[in-house]
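Survey of secondary and tertiary structure
Residues per chain are reported as follows:
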Amino acid sequence: MPTTRFVARVGIPLRTYRRHQARARAGAPLKGPWPAPVRTAHRQVIVDLAAAHPAWGHRKIWAMARHAGHRLSQSTVARLLDEEGLLLKADYQRERRELAKARKAAFAAPPTGPNQVWQLDFSEYETAHGGTWRVAAVIDYWSKYEFAWHWSPTANQHDAITAVELALAEAQQLLGDQSLIEHLTDPDTGEIVPITLVTDNGGPFRSFRFGALITGRPELRHVRTRARTPGQNGVRERAFESLKYERLYREQIDDAIDLVRAGEAHRVEFN
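Now for a description of the structure that goes with this document.

Parameters and conventions
Residues numbered from 1 in each chain as written. Predicted model: local features only at pLDDT ≥ 70, side-chain atom pairs only at ≥ 80, totals over all residues. Heavy atoms only, no water. Pairing = 2+ DSSP bridges. Helix = DSSP H or I, 4+ residues; strand = E, 2+ residues; numbered from the N terminus. Axes fitted to C-alpha atoms, helices over the stretch in contact; angles between N-to-C directions. Contact = heavy atoms within 4.5 Å. Core = buried A, V, L, I, M, F, W, Y, C linked by side-chain atoms within 4.5 Å. Buried < 20%, exposed > 50% of the residue type's maximum accessible area, 1.4 Å probe, protein only. 1 Å grid on protein atoms, 1.4 Å probe; cavity = no way out; pocket = protein on both sides within 12 Å on 5 of 7 lines; lining within 4 Å. Points joined across faces, edges and corners; volume = space filled by probe spheres on them. Nonpolar A, V, L, I, M, F, W, Y, C, P; charged D, E, K, R; others polar. Salt bridge = Lys/Arg side-chain N within 4 Å of Asp/Glu carboxyl O.

Some details on the sheet that holds strand S5 (residues 220–224)
Reading across from one edge, S3-S2-S1-S4-S5 is the order of the five strands in this open sheet, with mixed pairing throughout. Lying at the two open borders of the sheet, with one neighbouring strand each, are strand S3 (150–152) and S5. With strand direction ignored, the average angle separating the axes of adjacent strands in the sheet is 25°. Here three bridges tie strand S1 (residues 117–126) to strand S4 (residues 195–199), and the two strands are oriented parallel to one another. Bridged to Trp-118 within S4 is Leu-197. Of the strands in this sheet, S1, strand S2 (132–140), S3, S4 and S5 touch helix H7 (residues 157–175), which is tilted by about 125° from S1.

Some details on the nonpolar core
Core analysis: the biggest nonpolar cluster contains 22 residues, and Trp-118, Leu-120, Val-164, Leu-197, Phe-210 and Leu-220 have the highest contact counts within it. At the level of secondary structure, the elements contributing two or more residues to this core comprise S1, S2, H7, helix H8 (180–184), S4 and helix H10 (208–215). For this core, the element with the most residues is H7, which contributes seven residues. Ignoring any residue separated from it by four or fewer positions in sequence, one finds Val-164 in contact with Leu-120, Val-138, Leu-197, Phe-210, Leu-213 and Leu-220.

Focus: empty space enclosed by the protein
Summed over the entire model, instances satisfying the criterion amount to one cavity of 30 Å³ or more. At the level of secondary structure, the elements contributing two or more residues to the lining of the largest cavity comprise S1 and helix H11 (234–246). Broken down by element, the lining of the largest cavity gets its largest block of residues, three residues, from S1. For the lining of the largest cavity, the class distribution of residues is five nonpolar, one polar and two charged.

Regarding the pattern of salt bridges
If you walk through the whole model with that rule in mind, you get 13 salt bridges. We note a salt bridge from Lys-60 to Glu-246, for which the minimum N-O separation is 2.6 Å. One end of the pair, Lys-60, is in helix H4 (residues 58–67); the other, Glu-246, is in helix H11, and 186 residues separate them in sequence. Its relative accessible area of 29% is what places Lys-60 among the partly exposed residues. Glu-246 gets classed as buried once you look at its relative accessible area, which sits at 18%. Through salt bridges with shared partners, a single network forms among Arg-247, Glu-251, Asp-258, Arg-261 and Glu-269.

See below:
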């Protein structure tokens, strides 16, 4: 179409179009490049982190850079990775918002701190030569902290109980001198506000022994999700995906020893 009709269609002045056209024909950029001192100062650190962890997106790269003392924003890391061709291109923002909305809808009052809601479930992984192994793991909903994992060839009530006991022991260790009961006690009313332990409706979580564990621990109350709604246990499910796609599927896992070693390395780095 004629240039006059084209600029009217896209809504820019004819003189602006001619100016941009002349710069493009001369090989000059339309705008910029502008100085970016923050990107320049931190470029090598971000590139090294992205090269060491190719499965990570810009948010995890940013978190690790901040942990190492580099003060920069998530958007700066995203732009820097995009410039270097290391940004994982994915249209996931809308999906993330929908998943977050679904998770929040599961709570009458969303958690505002750690040790308010824990999520527990099993996952399995088949090694190259050592058979299939299951992990029972508890994760804190608010902080995304992974408590110690229990690896076993089975996924029964005893494994579920062991995972909860490991989580309680590590939570107490993290609190130091303060007991978990004291931490959960409301200072105004003196009542214990128990941790809500969320699981699915699997047999181990409906067993008598598992119920007896919850009954005997005033720190806990047990809630099972609705049938066929894994999103209500979404933080736990998503963390298992991170373990597999960022670590296990990228390494040679021959047997249970390799599996536990790789899993624990991921858990430490994840936390």
